[in-house]
Amino acid sequence: MRTLRWAAPTAVIAVAFALRFWALERPGVLVFDELYYVRDAISQLAHGFPTVWPDDDPDMSGARATSFTDDPSYAVHPPLGKWLIGLGVLLFGAGDGWGWRSAAALAGVATVGVTMLLGYRLSRSRVIAWTAGLLLAIDGVHVTLSRVALLDGFLAFFVALGALFVWLDQERIARDPSRPIAWRRPWLLAAGLAFGAAAAVKWSGLYPLAFFLVLITVWDAAARFREARDLRGRMHRGSSDPVVAHARQPRPLLGSALQAAVTAAIALPVALLAYVASWAGWIASPGGWGRTPGVPWPVALWRYHAEMLAWHGTLSAPHPYQAHPFTWPLALRPTAMYEIGWGPDQGCDWSACVSGITPLPNPLVTWAGVAALWALAWLALRATRTARGAAAVPGTAVTGSAAAGNAAAESTVARSTAAARDPLIAASVFVIVGYLSGWLPWLLTFSRSAVFQFYAVVLTPFSALALALVLGVLCGIRVRGPGSGPAPSMADAGVNPPAASDDADALRGRRAAVACFLSVAVVLALLFFPVWTGMPVAEWFWQAHMWLPGWS
C-alpha cells in the first residue's frame, strides 16, 4: 500500500504528460487562435507589449518566427497567458510547436496534479483523488486545450489552483472556529492571487472568484447561525454551564456581515495586485497600445480596458463553430481548430487521409461527469431537506427585534447547514459551485455569437472531481472531512440505496463495474487521441469519431 501511495499518482501524471507532450510539435503551423496569441507572445517578449505582424500566414519557420514590427497591436485579452506562452518560446525557440505549446502542455499536466490534490482534500481518499486525476488526464477537451497555445488551458489551471486554496482556507477555519472574526487567512490570500492570475489570463477568471467568495460567506453564516441556535437552546433550557448562563445574546447576522467584509478585504486587493502586475511590461514600455505622452499609465490602462470591454460587448461576427453555452456540458459543438486532407497522389496510404485537431469529448468521461454533477446536486438537495426540518429546535424561541431578524436570516441559511457539517455534502456543493462558476455566467449573459465550446475546459477539473466522488461512493468509500472520522453514509444523508448495498457481493460487483468503466474510458481516450492531436489518419477513421451531427 505504501508503494501504491506514490506509484498511483506518478502513473496518473505520467499518463497526463504522455497525452499532452507526445508529438507536441504537430502540426508545425499555428492553428486557430494561436495565430494571435503566439505572435503576441513573441513580440511581447521583445517589446514588453504585443506588436503588429506583417501578415496572417500561420507558417513560423525560419525568419518568419521573428518578423514582427515595432508598431503596437491591439490585444483584447490581458497579458499573463501570453507571458506564459513566451516562457516556452524562450526554452524551445519560436520555430516549432514545442516552443509555442510547451507551456500550455505543462499547465495541463499541473492542472491534473492540482485536481488530485483537491480531490484528496475534499474526500480524504487517495482512491478518489487518483480517480479524479485520471479522469482529467484522459478528458478530450482538456487534452486538446493542453496541446494548443490558447489561453483557456492556463485559465483552467489557475481556477483549479484557486479552488484548492479556497478549500484549504475553509479547512483552516474549521480547525479553529473560536475566533469571532478570522483575519489571518494565508490560504485565502493565495486564492486571491490565483484568481487574480486567472483574470490576468482572461477576464472570465473573475467569475470563480465571485462564486467562491459567496460560498465562503454562506458557509460562514451557516456556521454562525447554527452556533447561535445551539447557544439559545442551552440558554432557554437553563444550562448550568456558567459560560452559557452569562453569554451575550448571539448576533450572527452582524458577525456574518463583518466576516464577509474582512474576507473581501483579504482576497480582492491581492487579486487586483496580481492582475495589474501582469501588465508590468506594458506599464514599463511607453510605446504600447493606448499609451499617450503625458497621460499617466493608470489613466491609459483604464481607457484601454474600456476599449477592450466595448470590443467584447459588441463582438457579433458569426462563426461556423460558435456554440451556445447551453451545449457546453455535453460538448455538442466542438471547435475544429485544424483540419487538412490529402489523397494517394500526395502520399496517403488510404483512399483519403485527414489530419485534424478537434476537442471532441471523451464521451464516457464528459457525459458521465454531467450525470455525476446531477447526482451530487440531488444528494445535496435531499440533505438540505433534512437540515430544514432539523433547524427547528423545540424551545429555542426568543423575543425582540434582533432575535426576529436573526431568525429570519437563520431560515435563509438553514439549507447550508448540512453542507457545512457533512463532508460528502460539503464536497458536493464545493464541486458544483466550481463547475457553475465557469458555466452559469456565460449562460446568463450570453449575447454574442463568437462563443466557443472550448471555453468549457475550465469546467473539466470540477466535472472530473464530481465523477470521482460518485464512483468512490459506489465503491463504498466514505468521504471524510478534515480531522474527522467516516462521513455519514448515503442513507444517513437522505438517500435510500437498495437493501443489498451493504452486501459484500454487491459491493464487489459495483467495484468491478467502476473498474470496467474506467478501463473503457482509457480505451476511448486512446481511440480519440488521433483526432485530438493532428495525427494523420484515414478519412474513414476520422469519420468514425463523428458520433453527433455537431461534431463534423
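Residues numbered from 1 in each chain as written. Predicted model: local features only at pLDDT ≥ 70, side-chain atom pairs only at ≥ 80, totals over all residues. Heavy atoms only, no water.

## Points about the confidence of the model for the chain
Consideration 1: Considering every residue of the chain, the mean pLDDT works out to 87; 84% of them sit at 70 or more.
Consideration 2: Note that pLDDT drops below 50 for residues 391-420; the model gives that stretch 40 contacts with residues more than four away or on any other chain.
Consideration 3: Note on residues 483-501: pLDDT under 50 across the span, and 25 contacts to partners over four residues away in sequence or across chains. (pLDDT = per-residue confidence, 0-100. Contact = heavy atoms within 4.5 Å.)

## Structural notes on the pairing of strand S2 (residues 353-357)
Consideration 1: Burial analysis of S2 places five of its five residues in the buried class, the great majority of the element.
Consideration 2: Side chains of S2 alternate between two faces, with Cys 353, Ser 355 and Ile 357 and Val 354 and Gly 356 buried alike.
Consideration 3: Two strands pair when backbone bridges link them, and strand S1 (residues 338-342) and S2 are joined in this way by five bridges, in the antiparallel orientation. By the bridge assignment, Ile 340 is partnered in S2 with Ser 355.
Consideration 4: For S2 and strand S3 (residues 537-538), the ladder comprises two bridges, and the chain directions are antiparallel. Directly across from Val 354, in S3, lies its bridge partner Val 537. (Buried < 20%, exposed > 50% of the residue type's maximum accessible area, 1.4 Å probe, protein only. Helix = DSSP H or I, 4+ residues; strand = E, 2+ residues; numbered from the N terminus. Pairing = 2+ DSSP bridges.)

## Remarks on unusual backbone geometry
Consideration 1: The omega torsion of the bond from Arg 26 to Pro 27 falls at -10 degrees, within 30 degrees of zero and hence cis.
Consideration 2: Residue placement: Pro 27 occurs in the loop between helix H1 (2-21) and helix H2 (34-47).
Consideration 3: Not every positive phi belongs to a glycine, and Phe 32 is a case in point at roughly 50 degrees.
Consideration 4: Given a relative accessible area of 19%, Phe 32 falls into the buried group.
Consideration 5: Positive phi, normally seen in glycine, also occurs at Ala 331, with a value near 55 degrees.
Consideration 6: Within the secondary structure layout, Ala 331 lies in the loop between helix H13 (297-314) and S1.

## Thoughts on the state of the cysteines
Consideration 1: Following the criterion strictly, the structure yields one disulfide and no others.
Consideration 2: Across the disulfide, Cys 348 is cross-linked to Cys 353 (sulfur-sulfur distance 1.9 Å). Looking along the S-S bond of the Cys 348-Cys 353 disulfide, the torsion reads about 85 degrees, which is the right-handed sense. Each member of the pair Cys 348 and Cys 353 is classed as buried. (Disulfide = S-S within 2.5 Å.)

## Considering the nonpolar core
Consideration 1: Counting 150 residues, the largest nonpolar core has Phe 212 and Phe 430 as its most contacted members.
Consideration 2: Look past the residues within four positions of Phe 430 in its chain and what remains in contact with it is Leu 118, Leu 122, Ala 163, Val 166, Trp 167, Phe 212, Leu 215 and Trp 219. (Core = buried A, V, L, I, M, F, W, Y, C linked by side-chain atoms within 4.5 Å.)

## Concerning the packing of helix H8 (residues 186-201) against helix H11 (residues 252-277)
Helix packing for two helices is described by the angle between their axes and how far apart those axes are.
Consideration 1: The contact between H8 and H11 brings their axes to 7 Å, and the two run at 40 degrees. Here H8 lies oblique to H11, going by the angle between them. Of the two elements, H8 crosses H11, and the hand of that crossing is right-handed. Residues Leu 188, Leu 189, Gly 192, Leu 193, Gly 196, Ala 197, Ala 199 and Ala 200 of H8 lie in contact with H11, whose contacting residues are Thr 263, Ile 266, Ala 267, Val 270, Ala 271, Ala 274 and Tyr 275. (Axes fitted to C-alpha atoms, helices over the stretch in contact; angles between N-to-C directions. Parallel < 35°, antiparallel > 145°, perpendicular 65-115°, else oblique. Left-handed = near helix turned anticlockwise from the far one by under 90°.)

## Section: the side chain of Ser 428
Consideration 1: With respect to the helices, strands and loops of the structure, Ser 428 is situated in helix H17 (residues 423-445).
Consideration 2: Residue classification places Ser 428 among the buried positions, given a relative accessible area of 0%.
Consideration 3: In this structure Ser 428 touches Leu 376 and Leu 379, once residues within four positions along its chain are discounted.

## A few points about the environment of Ala 65
Consideration 1: Summarising the element assignment, Ala 65 is placed in the loop between H2 and helix H3 (80-92).
Consideration 2: Classification of Ala 65 as buried rests on a relative accessible area of 4%.
Consideration 3: For Ala 65 and Gly 93, which are 28 residues apart along the polypeptide, the C-alpha to C-alpha distance reads 9.0 Å.
Consideration 4: What Ala 65 contacts, discounting residues up to four positions off in sequence, is Ile 42, Trp 53, Met 60, Ala 94 and Gly 95.

## Some points on H2
Consideration 1: Under the 1.5 Å per step criterion, the end-to-end length of H2 is 19 Å for 14 residues, consistent within 8% with the ideal 20 Å.
Consideration 2: For H2, a buried count of 10 out of 14 residues is recorded, marking the element as mostly surrounded by other parts of the structure.
Consideration 3: Listed in full, the buried residues belonging to H2 are Glu 34, Leu 35, Tyr 37, Val 38, Arg 39, Asp 40, Ala 41, Ile 42, Ser 43 and Gln 44.
Consideration 4: Among the structural elements, H3 and helix H4 (97-123) are those in contact with the buried residues of H2.
Consideration 5: Just downstream of H2 lies Gly 48, where phi reads positive at about 95 degrees. (Expected span 1.5 Å × (residues − 1).)

## Comments concerning the sheet that holds S2
Consideration 1: Read across the open sheet, the three strands follow the order S1-S2-S3; overall the sheet is antiparallel. The two strands at the open ends of the sheet, each matched to only one other strand, are S1 and S3.
Consideration 2: Docked against the sheet, helix H19 (residues 504-533) engages S2 and S3, running at close to 85 degrees with respect to S2.

## Notes on the pattern of salt bridges
Any two side chains of opposite charge can pair if their charged atoms end up close together.
Consideration 1: Tallied over the entire structure, the rule returns nine salt bridges.
Consideration 2: Between Glu 171 and Arg 124 there is a salt bridge; the shortest N-O distance is 3.0 Å. One end of the pair, Glu 171, is in helix H7 (residues 152-175); the other, Arg 124, is in the loop between H4 and helix H5 (126-137), with 47 residues separating them in the sequence. Neither residue differs from the other here; Glu 171 and Arg 124 are each classed as buried.
Consideration 3: Measuring nitrogen to oxygen at the nearest pair gives 3.0 Å for the salt bridge that ties Lys 202 to Asp 152. In this pair, Lys 202 is assigned in the loop between H8 and helix H9 (206-236) and Asp 152 in helix H7, connecting sequence segments 50 residues apart. Like Asp 152, Lys 202 is buried. (Salt bridge = Lys/Arg side-chain N within 4 Å of Asp/Glu carboxyl O.)

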